[in-house]
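As a plain string of letters, each chain reads:
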Amino acid sequence: MKPAPFKYASPESLEEATSLLQQHGDDAKVLAGGQSLIPLMNMRLARPGVLVDINHVAGLDGISRNGGLTIGTNTRHVTVLRSPEVRAYAPIVNEAMRHVGHVGIRTRGTFGGATAHADPAAEIPAVLLALDAQITVQGPQGTRTIAADDFFVSTFTTELEDDEIVTAVQLPHPLDHAAWSFHEVSRRHGDFALVGVAAVAELDGSGNVSRARIALSGVADTPVRVTQAEDSLVGRAPADGADEAGRLAEQQLDPPSDFHATSTYRREVAGALVTRALQDMDTKGGSR
Ligand SMILES: Cc1cc2nc3c(=O)[nH]c(=O)nc-3n(C[C@H](O)[C@H](O)[C@H](O)COP(=O)(O)OP(=O)(O)OC[C@H]3O[C@@H](n4cnc5c(N)ncnc54)[C@H](O)[C@@H]3O)c2cc1C
């Protein structure tokens, strides 16, 4: 199918882009990589009257080190996947990105687009939650930064106002003693996962967990943390607490049933993936 008629604007500055969004309200949509928006428009599930293409806005692209890592919103998935900085300082992002779609999608799709799109089954939102990332957004009133914990509100819905644009995502500085793990189960490689888990743990000098963040995709209308499982790990090696954390995660979750999987199946897979993620964390070593 073809999209419903729409107007197209290609601003060259953020000010111009946010002012267009302000002018058109919820009739306008930001166009980034187009890998989610255009299929929705083709199926007429989305009918924006105006597309504000941010691909020519300067300064929204690239990965820089600033203590942690800052990933500009327009940075393509493939650039993130190939980035030596991401591999060295945020390897869980590299691992997760290997599961995002296929080459064609990764070539156009953007890091900020996947963040703003907030698909509850997507890898990046869950990883941002596990990493305690900060999302920088800009609107006509200025810039603000939103913690990943607060950013994802519901299915395809975030804290973003209609006239705001995600400009960058900040990943915190990796801890000296940190472990991480990412796993997902999907029907075929590259498909959206039925369930995914991103786990990050800060370890003390004895290799025991002092703080953990475990986020899952595909089990609710947003990515969710399993806080009881996280707390149960404190003071233990990740692998020693893996079974109990998996059980606690399973108890906390009440996933929806859909065409792809029942609630019971998703819950059991989620528990098993949490256990698996914690069991293989140690072997992956620190995040440097
Ligand atoms: C066949 C197929 C398989 C896929 N598989 C996966 C997968 O396994 N995992 C996965 O995570 N994704 C998958 N995707 C989606 C892909 O990752 C998209 O690239 C991503 O979801 C959206 O990024 P985009 O840059 O293409 O955004 P767009 O499609 O341009 O935009 C998506 C939404 O976000 C908004 N938006 C985009 N950028 C901004 C911004 N900077 N500020 C404010 N709002 C913004 C748009 O207005 C729109 O509502 C798949 C897509 C396809 C077509």
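Remember, it's a predicted structure, so these values are computed and weren't measured experimentally.

*Asks:* Even after reading the chapter, I still don't get the layout of surface pockets, so can you show me in this structure?
*Replies:* Picture a little ball the size of a water molecule; that probe, rolled over the atoms, points out where space is still empty. There is about 1300 Å³ of room inside the largest pocket. The wall of the largest pocket is formed by 48 residues, among which Ser36, Leu37, Gly113, Ala116 and His117 lie closest to the centre. Among the secondary structure elements, those contributing two or more residues to the lining of the largest pocket are β2 (28-31), α2 (37-42), α7 (111-117), α8 (123-131), β9 (157-158) and β10 (165-171). In terms of residue count, the dominant contributor to the lining of the largest pocket is α7 (5 residues).

*Asks:* It is not clear to me how the environment of Pro223 should be interpreted in this structure. Could you clarify?
*Replies:* Note on placement: Pro223 falls in the loop between β13 (209-217) and β14 (224-225). We classify Pro223 as buried; its relative accessible area is 8%. In this structure, the C-alpha to C-alpha distance between Pro223 and Ser36, residues 187 residues apart in sequence, is 18 Å. Leaving out residues up to four positions away in the same chain, Pro223 has contacts with Pro125, Ala126, Leu129, Phe152 and Leu216.

*Asks:* Explain the site of the ligand to me, please; I cannot follow it from the model alone.
*Replies:* Neighbouring the ligand are 30 residues, the closest being Val30, Gly34, Leu37, Thr110 and Glu123. In the environment of the ligand, an oxygen atom lies 2.8 Å from a nitrogen or oxygen atom belonging to the backbone of Gln35. At a separation of 2.7 Å, a nitrogen atom of the ligand approaches a polar side-chain atom of Glu123. Protein coverage of the free-state accessible area of the ligand, which is 960 Å², stands at 88%. Put simply, the ligand lies in the largest pocket. Looking at the shell around the ligand, the elements that each hand over two or more residues are β2, α7 and β10. Counting residues per element, the shell around the ligand draws most heavily on α7, at 4 residues.

*Asks:* So what exactly am I meant to see when it comes to the sheet that holds β13 here?
*Replies:* Paired through their backbone hydrogen bonds, the strands of a sheet run either parallel or antiparallel. Strand order in the open sheet made by the 4 strands is β11-β12-β13-β14, with antiparallel pairing throughout. Among the strands making up the open sheet, the edge pair consists of β11 (178-185) and β14. Pairing between strand β12 (residues 195-203) and β13: 8 bridges, direction antiparallel. Residue pairing for β13: Glu202 is matched across the bridge by Arg211. On the sheet, α8 packs against β11, β12, β13 and β14 and is oriented at approximately 160° with respect to β13.

*Asks:* For this particular structure, what's the right way to read the sheet that holds strand β7 (residues 142-147)?
*Replies:* Ordered by their spatial adjacency, 5 strands build an open sheet running β4-β5-β10-β6-β7, and the pairing between neighbours is antiparallel. Two strands lie at the open edges of the sheet, namely β4 (63-66) and β7, each paired on one side alone. Across the sheet, the axes of successive neighbouring strands diverge by a mean angle of 25°, strand direction being ignored. In the sheet, strand β6 (residues 134-139) pairs with β10 via 5 bridges, with the strands oriented antiparallel. Bridged to Thr136 within β10 is Ala168. Together, β6 and β10 form the strand contacts of helix α1 (residues 14-24), whose direction differs from that of β10 by roughly 125°.

*Asks:* How should I be thinking about the nonpolar core in this particular structure?
*Replies:* Side chains that are nonpolar tend, in soluble globular proteins, to be buried together. Core analysis: the biggest nonpolar cluster contains 36 residues, and Ile92, Val93, Phe111, Val127, Leu128, Ile135 and Leu171 have the highest contact counts within it. Take this core: its biggest share by element is 7 residues, from α8. In this view, Leu171 contacts Gly68, Leu69, Ile71, Ala90, Val93, Leu128, Leu131 and Ala133; residues no more than four positions away in its chain are not counted.

*Asks:* Hey, could you run me through the packing of aromatic side chains in this one?
*Replies:* By convention here, two paired aromatic rings are described through the distance between centres and the angle between planes. Enumeration according to the criterion identifies 1 aromatic pair in this entry. Its guanidinium or amino end placed over the ring of Tyr89, Arg65 lies 3.9 Å from that ring's centre, counting from NZ or CZ.

*Asks:* What exactly am I supposed to notice about the pairing of β13 here?
*Replies:* Within a regular strand, side chains alternate between the sheet's two faces. Among the 9 residues that make up β13, 7 are buried, leaving the element largely enclosed by the rest of the structure. Once β12 ends, the chain turns through 5 residues before running back antiparallel as β13, passing Gly207 with a positive phi of about 85°. Two strands pair when backbone bridges link them, and β13 and β14 are joined in this way by 2 bridges, in the antiparallel orientation. Bridge assignment links Leu216 to a residue of β14, and that residue is Val224. Here β13 hands over to β14 after 6 residues, with Gly218 in that stretch at a positive phi of 80°.

*Asks:* What is the right way to read the pairing of β11 from this model?
*Replies:* Most of β11 sits out of view: 7 of its 8 residues are buried. Strand direction decides the pairing type here: β11 and β12, joined by 8 bridges, are antiparallel. Its bridge partner lying in β12, Ser181 is registered against Ala199.

Parameters at a glance
Residues numbered from 1 in each chain as written. Predicted model: local features only at pLDDT ≥ 70, side-chain atom pairs only at ≥ 80, totals over all residues. Heavy atoms only, no water. 1 Å grid on protein atoms, 1.4 Å probe; cavity = no way out; pocket = protein on both sides within 12 Å on 5 of 7 lines; lining within 4 Å. Points joined across faces, edges and corners; volume = space filled by probe spheres on them. Helix = DSSP H or I, 4+ residues; strand = E, 2+ residues; numbered from the N terminus. Buried < 20%, exposed > 50% of the residue type's maximum accessible area, 1.4 Å probe, protein only. Contact = heavy atoms within 4.5 Å. Near = heavy atom within 4 Å. Polar contact = N/O pair within 3.5 Å; in protein donor to acceptor, adjacent residues only side chain to side chain. Areas by Shrake-Rupley, 256 points an atom, 1.4 Å probe, with all protein chains shown as cover. Sits in = over half its atoms within 2 Å of the grid points. Pairing = 2+ DSSP bridges. Axes fitted to C-alpha atoms, helices over the stretch in contact; angles between N-to-C directions. Core = buried A, V, L, I, M, F, W, Y, C linked by side-chain atoms within 4.5 Å. Phe/Tyr/Trp six-rings, centres within 6.5 Å; stacked < 30°, edge-to-face > 60°. Lys NZ or Arg CZ within 6 Å of the ring centre and 35° of its normal.

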